[in-house]
Amino acid sequence: MDMTERLATERRKRLAAERLLDQKSRELFEANRRLSQHALTLSDEIIETRQTAEDLRGQNTQVLSELAEVSLEADVAKQRLWDSLETVKDGFALFDAQNRLVIANRAYLSVFDGLEAVVPGIRYDEIVRLSVEEGIVDIGARAASDWIEEFLTRWHQNPVPTRVVRLWSGDYIKLVDRRTPSGDMVCLSMNITDMMRMWAAVEAIPDGFVLYDHDDRLVMCNDRYRDFYADSAPIMKPGNSFEEILRYGLGNGQYPEALGREEDWLTERMNRHQRPEGMIEQRLPDGRWLRILEERTPDGGLVGLRVDITEQKRQQMALDRARVAAEAANRAKSAFLANMSHELRTPMNGVVGMAELLCETELSEEQRLYAHTIRESGEALLSLLNDVLDYSKIEADKLQLHPEPFDLERTIYEIVMLLQAPARDKNLDVLIDYDLFLPTRFVGDRGRIRQIFTNLVGNAIKFTERGHVLVRVVGFEAEEGALQQINVTVEDTGIGISRDMQDHIFGEFNQVEDQQNRKFEGTGLGLAITRRLIGMMGGEIWLESEKGEGACFGFSLTLPVAEEREPLPAPETASVRHVLVVDDQEVNRTILERQLSQLGLEVTCHVTAETALGVADSTDLVITDHRMPGMDGFTFARELRRSGYSGPILMLTSNPACLGKTGRNSESGIDLVLQKPVLRRALYEAISTLAPSVQAGSVAAAGPGPASPRRPMRVLAAEDNRTNRLVLGKMVEGLNVDMRFADNGNEAVAAFREVRPDLIFMDISMPECDGKEATGAIRRIERETAALPVPIVALTAHALQGDAEDILAAGLDACLTKPLRKSDILAAIEAHHPADCAPLDPAASVAGDTAETLPRLRAI
Ligand code: ADP
């Protein structure tokens, strides 16, 4: 290569190098520019960073000071916490991972009072050993080493089981220990002595005790509870629900009663558990019986008791068996009594009935005495029989009441009349004061009310020698018209009853046992029966008496008022305005005055006939008593007539022998004699009869009008027993009655078709067709022929309750129990005597006739 070329190449290279240099210088410049720019930014940032650093330093100082504050607060809090721990009465301690005591509060340490070794740093096992050796804990009969070992083993368990220890002081401490993640042990010890006492008490009670919380989870139960439900015991742990426990028990045959219906049983039991009320009984599989009592607690939980009633149950079952046996025996007794009563009554019928008839025949004095004795002994025996039977029925709850409409006033009157004989023998006045404004017809068991009156009035007459017996009846409306409360008192002037005996005599077979009393016969059952009967009717009985001062028995009953069948006839008193009443007895005067005033009559009362003589002329009617001190009723009447008194004279007497001595033409001049006590109705009828008689200027008797050609009453008696037929026939002898007999039911039905009687007496047990069947047939005939039903009265020897019910259900109207009493037969005849028949008393139409049949009939 030449030089030029080399120069050119050199030049080219130089130029290229110059260009490269130039470019690099530009790049360098650019880089420098950027660098200086970056340096600028950097310096800003540095300044900023420096500022930030400054700020941070400032903040740091604040944080540090806050930290210092916080740590101070923490120290205060720690101190507070510790102070608090010192004040709580539960023990608190902390052990480190090496089981050394770090810290413990006073309560924890107080247990080791006086043991200097128990201070921070001591090992746990040391504490346990010291507790045993120093006698702080009560380890019971166990060996110290065992106890310590068991305690230390527990310490190393995870979690550490809760444990209760008993101290020698008797206190109970519950230990709850928990290990922290760092290995420390936090220990709590609580004094649960009070709770343990309560728990010991709950354990000591003989009953099972259980407590569930408001979620129905078991809180606690005692061992007795677990023992009762041994098959469910494994699941009886706090926290388990009632349902879980039940289900577990069901699966293990805990509840025999649930066998085969487990789910239903469970539902029922759960329902009861949710809404516990009252108690239930439960049988356990081992045969024991529990009574379950459950109650809700105020916090919605449930507390339950299980009482073992096995012994009670056993006794109850034994009692039940005994009761069933006793009831069977009682039924047998009742049946026996019914049969005996039947057997005894049948022959008694002959004895009493025939003796009664015998007494009415002509007899020598001696014979009369014998016949009387037979009759009275028979009656006494019969009343004894009735009392015993009644009492047995009440005892056996067999006695039932049969309410029906009846006339109370009339019933009392009838009873008093029946009891007249013994009263008359003692010259006693038996009076009735029946409240004027009280209705007379009520609905009640007439027979039983009769029995009550008979007992009380009978006793009053029995225990009174002088004076009077007064039956007073008052009443007031218990409910608007429908019910009346009736208060009855039976007052006498007899021997009275001392206060200490007043409860006694209402007991069975109880009587006053003193000399004065025991001359009287009786069973001592009357008042016991009376009280029971009154009780059955919802009433009560009481007694007011002093020894020697008479007695007053009272009772009250509330009875429905029955429709008044026939209202009391308002007497025709046009010709009577002023009545003179002469009676030495004040009660009598008062009663009469009230009864007469009610008719609007003026009444003048006089105690003696002598003083009354002067005033009679100014009156239109004289009512005089028979027996009075000084001038008696007959003499008074004679004296009145002699003095020219022409008005009617009515005499009231207790002596039926005077009853026939009526008639103006008779020697005494008395127009009418009525037997005391006088039924209001009878008194009013008598006044009506006597008032027009004055106007007519003639004399009329109290009986029905003059003789008429009317037919006699027809009575049919179906009776298979010849003696009874004889007795019945004799009883109606002398009455204007056409009596026909049938030997059995069939004959009775045939006779009914033929004669259409006004009344039928129907024996119940008869051969072929008995009384009930015959009645059924008669009632059918009546229905077919549209005839009015004839009254049929059953005659039966059966005295038990069911019998009377059956009889009435068979269509009979009433029931008479044998032996037949003349008074009952006559009462039945009189009660059903049709108005259009001839009077029962054949002599009734003969004015002034002294036949005694009618008065006797009236006396029923
Ligand atoms: P009973 O009259 O058959 O002895 P009660 O039960 O009727 O039996 O009467 C019991 C007793 O009460 C009588 O025995 C008598 O001692 C006494 N007692 C009852 N009523 C009266 C009375 N009105 N006056 C006196 N004592 C009476």
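Not measured: the values here are computed from a predicted model. Residue numbers run consecutively from 1 along every chain, following the written order of its sequence. Since the coordinates come from a predicted model, pLDDT governs what is reported: local features require at least 70, and pairs of side-chain atoms require 80 or more to be given and counted, while whole-chain, interface and lining totals use all residues. Here the side-chain values reflect all heavy atoms present in the structure, with hydrogen atoms and water set aside.

### Looking at the sheet that holds strand β18 (residues 578-582)
- When DSSP finds at least two bridges between two strands, those strands are taken to pair. By definition, any uninterrupted DSSP run of H or I lasting at least four residues is a helix, any uninterrupted run of E lasting at least two residues is a strand, and each is numbered from the N terminus. Within the open sheet, the five strands sit side by side as β19-β18-β20-β21-β22. Their pairing is parallel. Looking at strand neighbours, the two that pair on one side only are β19 (602-606) and β22 (672-675), the edges of this open sheet. Geometrically, the sheet is characterised by an average inter-axis angle of 20° between neighbouring strands, direction not taken into account.
- Two elements, strand β21 (residues 649-653) and β22, share four bridges in a ladder whose sense is parallel. Fitted lines through C-alpha atoms serve as axes, helices being fitted only where they are in contact, and the angles separating the N-to-C directions of these axes extend from 0 to 180 degrees.

### A short note on the pairing of β18
- Counting buried positions along β18 yields five of five residues, so the element is predominantly enclosed.
- Here's how the labels work: a residue is buried when its accessible area is under 20% of the maximum for its type, exposed when over 50%, partly exposed in between, all with a 1.4 Å probe on protein chains only. Here β18 shows a buried face lined by His578, Leu580 and Val582 and a second buried face lined by Val579 and Val581.
- Across five bridges, β18 lies against β19 in parallel orientation. Across the sheet, Leu580 pairs through a bridge with Thr604, a residue of β19.
- With strands facing away from the observer, any crossover in which the path from the first strand over the helix to the second runs clockwise is taken as right-handed. For the segment spanning β18, helix α15 (residues 586-597) and β19, crossover handedness is right-handed.
- Bridge count for β18 against strand β20 (residues 621-625) is four bridges, and the pairing is parallel. When the bridges of β20 are listed, Val581 appears paired with Ile623.

### A closer look at the nonpolar core
- Ranked by size, the top nonpolar core spans 50 residues in total, and within it Leu408, Ile412, Phe453, Val471, Val473, Phe553 and Phe555 carry the most contacts.
- For this core, the element with the most residues is helix α13 (residues 446-462), which contributes seven residues.
- When residues no more than four places from it in sequence are discounted, the contact partners of Val473 are Leu408, Ile412, Asp433, Tyr434, Asp435, Leu438, Ile486, Asn487 and Val488.
- What makes a nonpolar core is a set of buried Ala, Val, Leu, Ile, Met, Phe, Trp, Tyr and Cys residues whose side-chain atoms join them at distances within 4.5 Å. In this structure, Ala93, Leu101, Tyr124 and Ile127 belong to the second largest nonpolar core, which totals 28 residues. The contact definition used throughout considers only heavy atoms, calling two residues in contact when any of these lie within 4.5 Å.

### Observations regarding the pattern of salt bridges
- The term salt bridge refers to a pairing of a side-chain nitrogen on Lys or Arg with a carboxyl oxygen on Asp or Glu at a separation within 4 Å. Taken as a whole and judged by the stated rule, the model has 43 salt bridges.
- A salt bridge links Arg34 to Glu30; its shortest N-O distance comes to 3.7 Å. One end of the pair, Arg34, and the other, Glu30, are both in helix α1 (residues 3-87), four residues apart, so they sit about a helical turn from each other.
- Residue Asp758 pairs with Arg711 through a salt bridge whose shortest N-O separation is 2.9 Å.

### Quick notes on the packing of α13 against helix α14 (residues 526-536)
- Relative to each other, α13 and α14 sit at 140°, their axes nearing to 10 Å. Crossing geometry of α13 relative to α14 is assigned as left-handed. On α14, the residues touching Arg448, Gln451, Ile452, Asn455, Leu456 and Asn459 of α13 are Gly526, Leu527, Ile529, Thr530, Leu533 and Ile534.
- By the convention adopted, Pro, Cys, Tyr, Trp, Phe, Met, Ile, Leu, Val and Ala count as nonpolar, Lys, Arg, Asp and Glu as charged, and the other residues, Gly among them, as polar. Counted by class, the contact of α13 with α14 contains six nonpolar, five polar and one charged residues. Each crossing gets its handedness from the near helix: less than a right angle anticlockwise from the far helix is left-handed, clockwise is right-handed.

### Focus on the side chain of Thr624
- Within the element layout of this structure, Thr624 appears in strand β20.
- Relative accessible area serves as the criterion here: at 1%, Thr624 is assigned to the buried category.

### Section: a nonpolar patch on the surface
- A patch consists of residues whose relative accessible area exceeds 30% and which take part in no salt bridge; residues with like charges are grouped when within 9 Å of each other, and nonpolar side chains (Val, Leu, Ile, Met, Phe, Trp, Tyr) when within 5 Å. Shrake-Rupley sampling with a 1.4 Å probe provides the accessible areas, and residues are treated as covered by the protein chains on show and by no other component. A cluster of nonpolar side chains, namely Val63, Leu64, Leu67 and Val70, defines an oily patch on the protein surface of about 360 Å² accessible area.
- Owing to a relative accessible area of 41%, Val63 belongs among the partly exposed residues under this scheme.

### Remarks on the environment of Asp308
- Inspection of the secondary structure assignment puts Asp308 in strand β10 (residues 302-308).
- Spatially, the C-alpha atom of Asp308 lies 83 Å from that of Val622, the residues being 314 residues apart in sequence.
- Once you skip the residues sitting within four places of it in the chain, Asp308 turns out to touch Arg224, Phe228, Arg288, Trp289 and Leu290.

### Focus: the packing of aromatic side chains
- Ring geometry is summarised as follows: Phe, Tyr and Trp rings, the Trp one being its six-membered ring, pair when their centres sit within 6.5 Å, and such pairs are stacked at plane angles under 30 degrees, edge-to-face over 60 and tilted between the two. Counted by the stated rule, this structure contains 11 aromatic pairs.
- Taken together, the aromatic side chains of Tyr225, Tyr229, Tyr255 and Trp265 make up a single cluster linked through ring pairs.
- Over a ring means this: the NZ of a Lys or the CZ of an Arg is within 6 Å of the ring centre and within 35 degrees of the ring normal. Sitting over the ring of Phe151, Arg154 keeps its end group 5.4 Å from the ring centre.

### With respect to the sheet that holds strand β5 (residues 185-191)
- A sheet is described by the order of its strands in space; here five strands give the open sequence β2-β1-β5-β4-β3, paired in antiparallel fashion. Edge strands, defined here as strands with exactly one partner in the open sheet, are β2 (101-104) and β3 (163-166). Neighbouring strand axes in the sheet, compared pairwise and without regard to direction, differ in orientation by 25° on average.
- In the sheet, strand β1 (residues 91-95) pairs with β2 via three bridges, with the strands oriented antiparallel. Among the inter-strand pairings, Leu94 is bridged to a residue of β2, identified as Ile103.
- Each of β1, β3, β4 (172-179) and β5 is contacted by helix α4 (residues 144-155), which is oriented at about 150° to β3, the strand it contacts most.

### Topic: the environment of Gly535
- Within the fold, Gly535 resides in helix α14.
- On a C-alpha basis, the gap between Gly535 and Val473 in space is 19 Å, while along the polypeptide they are 62 residues apart.

### A look at unusual backbone geometry
- Residue Pro159 is reached from Asn158 by a cis peptide bond, and omega for that bond is -5°.
- Inspection of the secondary structure puts Pro159 in the loop between α4 and β3.
- At Asn99, a position not held by glycine, the phi torsion is positive, near 65°.
- Residue class for Asn99 comes out buried when judged on its relative accessible area of 16%.
- Positive phi values are uncommon outside glycine, yet Glu768 reaches one of about 65°.

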